[in-house]
Amino acid sequence: MDTIYSINGPVVKVKNSRTFSMQEMVYVGKKRLIGEVIRVTEEFTTIQVYEGTTGLMPGESVEGTGSAMSATLGPGILDNIFDGIQRPLKKLEELSGAFIADGANVPSVDTQKKYSCTITVNVGDRLSAGDIYCTCPETQLITHKCMLSPLSKGGEVIWRAPDGEYKVSDTVVKIKTDSGEQQELTLCQKWPIRTPRPCKQRLPGTRPLITGQRIIDTVLPIAKGGTAAIPGGFGTGKTMTQHQLAKWCDADIIVYIGCGERGNEMTQVLEEFSELIDPHTQRPLTDRTVLIANTSNMPVAAREASIYTGITLAEYYRDMGYHIAIMADSTSRWAEALREISGRLEEMPAEEGFPAYLPSRISEFYERAGYVENLNGSEGSVTIIGAVSPQGSDFSEPVTQNTKRFVRCFWALDKSLAYARHYPAINWNSSYSEYVGDLEKFYTENVNENFMNVRQQISSILVEENTLMEIVKLMGTDVLPDDQKLLIETARIVRVGFLQQNAYHKDDTYVPLEKQYLMMKTIVDFYTLAQKALSDGVLYDSILKTGWSDKIIKIKYDIPNDRPEMFGEYEKQMAADFEKLTEVA
Amino acid sequence: MELKYVGLSEINGPLVVLDGVKDVAFDEIAQIDLSDGTRRLARVVEVSQDKAVLQVFEGTKGLSLTNTTTKFSGKPMELGLSKEMLGRIFSGSGRPIDGLGDIAPDKFKDINGSPLNPVSRTYPRNYINTGISSIDALMTLIRGQKLPIFSGSGLSHNKLAVQIARQAKIADDNGQGFGIVFGAMGVKNDVADYFKRSFEESGALERVAMFINLSNDPIIERILTPRCALTCAEYLAFEHNMHILVILTDMTSYAEACREFSSSKGEIPGRKGYPGYLYSDLASIYERAGIVKGSTGSVTQIPILTMPNDDITHPVPDLTGYITEGQIVMDRHLEQTGTYPAVAVLPSLSRLMKDGIGEGYTREDHSMCANQLFAAYSKVQDARALASVIGEEELSEGDKAYMRFGKLFEEHFINQGFDVNRSIEETLDLGWSLLSTLPKAELDRVDDEHLSKFYDPDKAKTLFGE
């Protein structure tokens with residue numbers, strides 16, 4: 001029997017053992033704490049323990065499980081909240097009360113609940129890896145599809161259970177492989193969390209993830225299967241932005257990873273999501289949500305694992321043909337967990353104490369996103385939106401810099417915008433999206449052929465304002481010529497009336513693409529009309545006096561989302577008002 | 001039979017090493033008896049088959065390799081708890097030091113606590129009325145929140161903490177117990193005295209439990225102080241259903257103690273020499289605030305930290321800001337102009353505020369008023385920056401209005417005496433009056449309905465003059 005030799009925080013060593021393999025899951029000590037082998041040498045096997053090690057003694061036993069750290073994949077994942085190593089927190093509460101005790105061993109999914117299953121194969125059918133053999137409604141929203149493990153060589157169905165109510169561990173199909181082996185298929189399977197689930201091929205992402213947030217959908221869009229980072233110092237609204245995206249984006253399933261964040265925030269997500277109704281399906285948001293919570297005071301090693309657990313669950317649903325969005329809040333805590341474990345292993349640190357393999361770990365994570373054709377021929381996607389919490393709000397620190405290299409969308413949150421309570425505080429000058437070109441076709445075909453043109457004009461107004469602001473900061477606006485004053489005013493309309501969005505207003509919290517387009521168009525129309533009026537000799541002050549700038553700013557509240565036809569009236573009224581101005585002049 | 005180990009094999013800073021030990025658990029507590037009859041407590045920080053590394057709470061001064069006997073207790077550090085702890089003063093490791101004798105504990109608990117299951121938390125929604133306008137209106141304190149004060153040396157953070165502790169009222173106080181747990185880590189003797197005296201003067205001493213580790217006390221004890229204080233707070237809140245306000249000062253000294261300990265252990269340092277796990281370590285303190293489902297009590301934390309060199313990006317305030325639910329930032333410039341409390345409004349924030357204000361909690365116009373005050377005050381900063389370049393005379397009318405608003409806002413809203421206790425209605429009305437000094441068109445965060453109800457330039461004129 002292998003026994004513990006030494007303990008240092010979450011790192012436990014076993015001496016002179018040759019039985020363990022890398023990344024094998026092990027049970028440590030009398031309490032059977034869950035751990036993972038992270039280093040094997042001639043003399044020592046090093047294990048990181050996913051739970052508190054207080055009270056552990058040298059000499060207690062260490063028991064290998066023979067398999068890598070795996071997630072249990074099957075019905076019962078949705079509408080659930082897990083810790084970093086996929087233990088259901090609601091079950092843990094029943095077991096040990098409000099405070100989490102160590103060594104609780106609970107199955108990840110409810111083994112007693114029965115699902116009404118439809119077996120989709122018949123005796124004699126051939127199944128290959130990834131093929132669906134059984135479906136059942138997991139929540140009212142999502143049909144769960146049980147698939148043959150991607151590692152399986154496939155085989156012929158020799159027995160199937162009749163359709164009916166089954167538990168997760170019940171055998172529903174038996175197959176015989178080519179080598180003559182019999183395999184029993186249940187509703188669930190295991191998958192090692194650190195290995196990406198395979199797909200047939202990657203497809204280019206050409207459909208946007210529609211979020212209803214104006215600055216994202218129009219200025220800095222993200223494709224389904226894309227990657228985005230949201231860096232920002234504390235108090236700039238990272239979590240708020242993540243919550244808004246999780247609530248409103250048009251993914252089928254949301255995996256929300258609270259990685260080293262506040263306990264109250266997870267509680268808030270739990271409470272709020274069960275009350276909120278999904279606008280696309282009219283069901284509570286929890287029906288399509290999985291939460292993974294490793295709050296900042298939970299064991300640090302599980303924090304490192306939580307990211308992988310989350311993405312494995314997402315890939316599993318992707319294989320069924322769903323579109324998944326992962327919110328990882330925050331990847332910096334995950335990187336810090338890496339640093340902490342690395343420090344305990346006395347590895348040679350690179351930048352700021354982070355281990356040298358930080359960039360490769362970050363890229364491995366983001367590379368698991370993508371729009372793919374699955375093994376079973378369906379199409380699905382995993383979109384990753386990771387929050388980054390830079391130390392000291394300094395974007396040059398290693399986690400932000402390395403993340404920037406591997407994501408294609410960068411939504412930089414800005415302290416001064418947050419201080420002015422301009423939300424979402426995404427700075428349009430320092431952020432970028434590389435997906436604009438890929439998504440051009442979608443917007444042109446599905447929203448309006450003029451969409452990209454209008455978007456470009458809005459961007460130019462913001463860019464020009466940025467250049468002018470340097471002068472304004474030095475001399476004030478009074479010294480500018482009228483046409484530049486107009487530009488500054490129009491940019492203000494864009495900022496306050498368009499980019500700024502009120503998450504607490506019933507209409508403004510989610511805005512359909514069509515209204516977004518019409519809002520932009522109204523602003524561009526105003527700018528064109530006003531420019532023309534100026535050149536016709538109308539005074540800048542009389543343009544201001546028409547009150548149109550404030551009227552456009554209030555459009556977000558005044559025109560309900562379901563009444564886009566009202567924009568026509570605005571357009572007519574505005575044209576008429578400006579005509580009057582020109583006549584007077 | 002109890003095993004005792006004679007002598008030590010190594011002493012290094014606060015750490016001692018024992019060889020040839022058996023059955024020692026990670027994190028357990030040991031007693032070290034010196035040959036002169038004194039006793040010290042130590043904790044196991046690293047253990048292997050035949051060797052244990054211990055940190056000695058009271059320091060290693062006077063220890064030699066031969067003059068000690070060590071006994072392991074078999075338990076992690078536990079604190080004896082009782083309701084009698086209110087009104088008493090303890091050392092950083094939980095020993096009574098007020099000369100009133102030991103307490104009769106009704107329960108023992110591991111001072112490290114356990115993480116609270118997010119499923120078992122109740123999301124905090126009820127606000128605490130502190131009677132301080134800037135806090136109540138703009139960064140409302142919510143029951144169960146952790147809201148630190150970021151300050152600097154020489155600023156009046158202690159005074160502010162005392163005022164909060166004295167005036168704090170819970171909105172729907174139904175006669176339920178309200179208590180204060182005060183943890184002082186590495187503070188100067190006069191600071192500890194100041195708090196004690198202030199609690200005495202306001203007659204609050206019998207509902208305060210104090211845990212005091214002075215700046216010349218051993219650093220290892222400093223690491224225990226907040227944990228003892230929070231264990232006591234959790235006990236009172238969740239077993240006796242009291243509302244507990246925990247004031248911890250000064251978290252920077254605490255973090256420095258962690259650094260000292262970490263470097264003597266030979267760990268690889270992270271930023272500015274602080275250990276790489278400082279985030280997790282601070283989180284294990286701050287996260288012990290909240291409300292547990294099924295209990296009517298709550299733990300609210302106000303940690304105070306001094307930012308070295310007033311630098312908010314220093315690791316301690318930085319990591320703290322990422323864990324806590326907002327922050328109250330003190331401003332040296334305001335303090336110098338005689339403003340009390342010198343709260344820097346713009347960088348301050350309460351994350352839980354949005355769900356704990358408005359109708360049913362404070363007043364329905366609260367969030368609109370707060371938003372507009374923030375937006376207006378941030379424009380004041382732009383106007384001031386411009387004025388410092390081109391001179392105040394050259395500013396446009398709009399900017400001049402903001403300059404004036406800024407001045408009035410600081411003088412009448414932020415500035416408030418130590419003894420002034422404003423109700424939330426007074427605070428919000430004052431806010432609207434200040435906003436009414438601005439042109440109506442500038443108030444773009446307020447809808448028309450509220451604007452017609454609260455925008456009153458005439459009242460503003462009578463209050464503040466032309």
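One structure accompanies this document, and this report is about it. Because the structure is predicted, anything quoted here is derived from the model rather than measured.

1. Re the overall build of chain B
Alright, step 1. Each helix and strand counted, chain B has 14 helices and 20 strands in total.
Alright, step 2. Relative to the 2.2 N^0.38 estimate, which gives 23 Å for 466 residues, the radius of gyration of chain B is 25 Å and therefore close to what a compact globule would have.
Alright, step 3. With the C-alpha coordinates of chain B rotated into their principal frame, the extents come out at 85 × 50 × 40 Å.
Alright, step 4. For chain B, the proportion of its 466 residues judged to be buried stands at 62%.
Alright, step 5. Pairs at least 24 residues apart make up 73% of the contacts formed inside chain B by residues separated by at least 6 positions.
Alright, step 6. As displayed, chain B offers around 17,100 Å² of accessible surface, 48% of which is attributable to carbon and sulfur atoms.
Alright, step 7. Taken as two groups, the 48 positive and 65 negative side-chain charges of chain B have centres that lie 3 Å from each other.

2. What to know about helix α17 (residues 566-584) of chain A
All names here are of chain A.
Alright, step 1. In this model, α17 (19 residues) spans 28 Å end to end at C-alpha, consistent with the 27 Å of a helix rising 1.5 Å per residue.
Alright, step 2. Taken residue by residue, α17 has M566, F567, Y570, M574, D577, F578 and L581 as its buried positions. End-on view of α17: buried residues confined to an arc of 100°, all on one side of the axis. Facing away from the buried side of α17 by over 90 degrees, the exposed positions are K572, E579, K580 and E583.

3. Notes on the sheet that holds strand β16 (residues 182-185) of chain A
Residue and element names in this part refer to chain A.
Alright, step 1. Here four strands make up an open sheet; going across it, the order is β10-β13-β15-β16 and the pairing antiparallel. Strands with a single pairing partner mark the edges of an open sheet, and in this sheet they are β10 (126-127) and β16.
Alright, step 2. Summarising the sheet, β10 and strand β13 (residues 155-160) pair through two bridges and their orientation is antiparallel. Bridge assignment links R126 to a residue of β13, and that residue is E156.

4. Structural notes on the interface of chain A and chain B
Alright, step 1. The interface of chain A with chain B comprises 76 residues on the first partner and 72 residues on the second.
Alright, step 2. The junction of chain A with chain B conceals about 6,000 Å² of combined surface from both sides, 55% of it contributed by carbon and sulfur atoms.
Alright, step 3. Ranking the residues of chain A by area buried against chain B places A:F234, A:N264 and A:R421 at the top, with a combined share of 14%.
Alright, step 4. At the junction of chain A with chain B, the criterion picks out one salt bridge.
Alright, step 5. Across the salt bridge formed by B:R125 and A:E271, the nearest N and O atoms sit 3.0 Å from each other.
Alright, step 6. Here chain A and chain B share 29 residue pairs in polar contact (both at pLDDT 80 or more) between them.
Alright, step 7. Broken down by element, the side of chain A that touches chain B gets its largest block of residues, eight residues, from helix α4 (residues 263-275) of chain A.

5. Considerations on the environment of A:E275
All names here are of chain A.
Alright, step 1. As for its placement among the helices and strands, E275 is situated in helix α4.
Alright, step 2. Taking the relative accessible area as the measure of exposure, E275 reaches 60% and is therefore exposed.
Alright, step 3. Residues E275 and R339 lie 64 residues apart in sequence; the distance between their C-alpha atoms is 38 Å.

6. What about a nonpolar patch on the surface?
Alright, step 1. On the surface, A:I471, A:L474, A:M475, A:V479 and B:V389 cluster together into a nonpolar patch covering about 440 Å² of accessible area.
Alright, step 2. Sort the elements by how many residues they give to the nonpolar patch and helix α11 (residues 451-475) of chain A lands first, with three residues.
Alright, step 3. Inspection of the secondary structure assignment puts A:L474 in helix α11.

7. Side note on the sheet that holds strand β15 (residues 178-187) of chain B
Residue and element names in this part refer to chain B.
Alright, step 1. In spatial order, the strands read β9-β16-β15-β17-β18-β13-β19-β20; together these eight strands make up an open sheet with mixed pairing. At either margin of the open sheet sits one strand with a lone partner, and together these are β9 (89-91) and β20 (343-350). Going from strand to strand, the sheet's axes swing by 15° on average, the running direction of each strand aside.
Alright, step 2. Bridge count between strand β17 (residues 243-249) and strand β18 (residues 298-306): seven bridges; the pairing is parallel. Residue L248 lies in a different strand from β18, and its bridge partner there is P303.
Alright, step 3. This element, helix α3 (residues 189-201), spans β9, β15, β16 (208-214) and β17 of the sheet and lies at about 170° to β16.

8. Remarks on the side chain of A:E347
Alright, step 1. Mapped onto the secondary structure, A:E347 falls in the loop between α6 (331-344) and α7 (358-366).
Alright, step 2. With a relative accessible area of 19%, A:E347 lands in the buried category.
Alright, step 3. Reaching out from A:E347, the side chain makes a polar contact with the side chain of A:Y357 at a distance of 2.8 Å.
Alright, step 4. With near-sequence residues (within four places) excluded, A:E347 lies in contact with A:R39, A:S342, A:P355, A:Y357 and B:I268.

9. Overview of empty space enclosed by the protein
If a probe the size of a water molecule is rolled over the atoms, the empty space left behind becomes visible.
Alright, step 1. Across all of its chains, the model carries eight cavities of 30 Å³ or more by this definition.
Alright, step 2. The computed volume of the largest cavity comes to approximately 100 Å³.
Alright, step 3. Listed by contribution, the elements that provide at least two residues to the lining of the largest cavity are α6 of chain A together with α6 (278-286) and α7 (315-323) of chain B.
Alright, step 4. When the residues that make up the lining of the largest cavity are grouped by side-chain class, the tally is six nonpolar, three polar and three charged.

10. Quick word on a negative patch on the surface
Alright, step 1. There is a patch of like negative charges on the surface, built from A:D558, B:D447, B:D448 and B:E449.
Alright, step 2. Mapped onto the elements of the fold, B:D447 is located in the loop between α12 (424-435) and α13 (448-454).

11. So, the pattern of salt bridges
All names here are of chain A.
Alright, step 1. Per the counting criterion, the structure on display carries 62 salt bridges over all chains.
Alright, step 2. A salt bridge links E36 to R194; the nearest nitrogen and oxygen atoms lie 2.6 Å apart. With E36 in strand β4 (residues 33-40) and R194 in the loop between β17 (189-192) and β18 (201-203), the pair connects residues that are 158 residues apart, well separated along the chain.
Alright, step 3. Through salt bridges that share partners, E261, R262, E265, R333 and E336 make up one connected network.

Rules and cut-offs
Residues numbered from 1 in each chain as written. Chains lettered and ligands numbered in written order. Predicted model: local features only at pLDDT ≥ 70, side-chain atom pairs only at ≥ 80, totals over all residues. Heavy atoms only, no water. Helix = DSSP H or I, 4+ residues; strand = E, 2+ residues; numbered from the N terminus. Rg over C-alpha atoms; globule rule 2.2 N^0.38 Å. Buried < 20%, exposed > 50% of the residue type's maximum accessible area, 1.4 Å probe, protein only. Contact = heavy atoms within 4.5 Å. Areas by Shrake-Rupley, 256 points an atom, 1.4 Å probe, with all protein chains shown as cover. Lys, Arg positive; Asp, Glu negative; His and termini not counted. Charge placed at Lys NZ, Arg CZ, Asp CG, Glu CD. Expected span 1.5 Å × (residues − 1). Arc of directions from axis to C-beta. Pairing = 2+ DSSP bridges. Buried area = accessible area lost by both parts, 1.4 Å probe. Salt bridge = Lys/Arg side-chain N within 4 Å of Asp/Glu carboxyl O. Polar contact = N/O pair within 3.5 Å; in protein donor to acceptor, adjacent residues only side chain to side chain. Patch = residues over 30% accessible without salt bridge, like charges linked within 9 Å, V, L, I, M, F, W, Y side chains within 5 Å. Axes fitted to C-alpha atoms, helices over the stretch in contact; angles between N-to-C directions. 1 Å grid on protein atoms, 1.4 Å probe; cavity = no way out; pocket = protein on both sides within 12 Å on 5 of 7 lines; lining within 4 Å. Points joined across faces, edges and corners; volume = space filled by probe spheres on them. Nonpolar A, V, L, I, M, F, W, Y, C, P; charged D, E, K, R; others polar.

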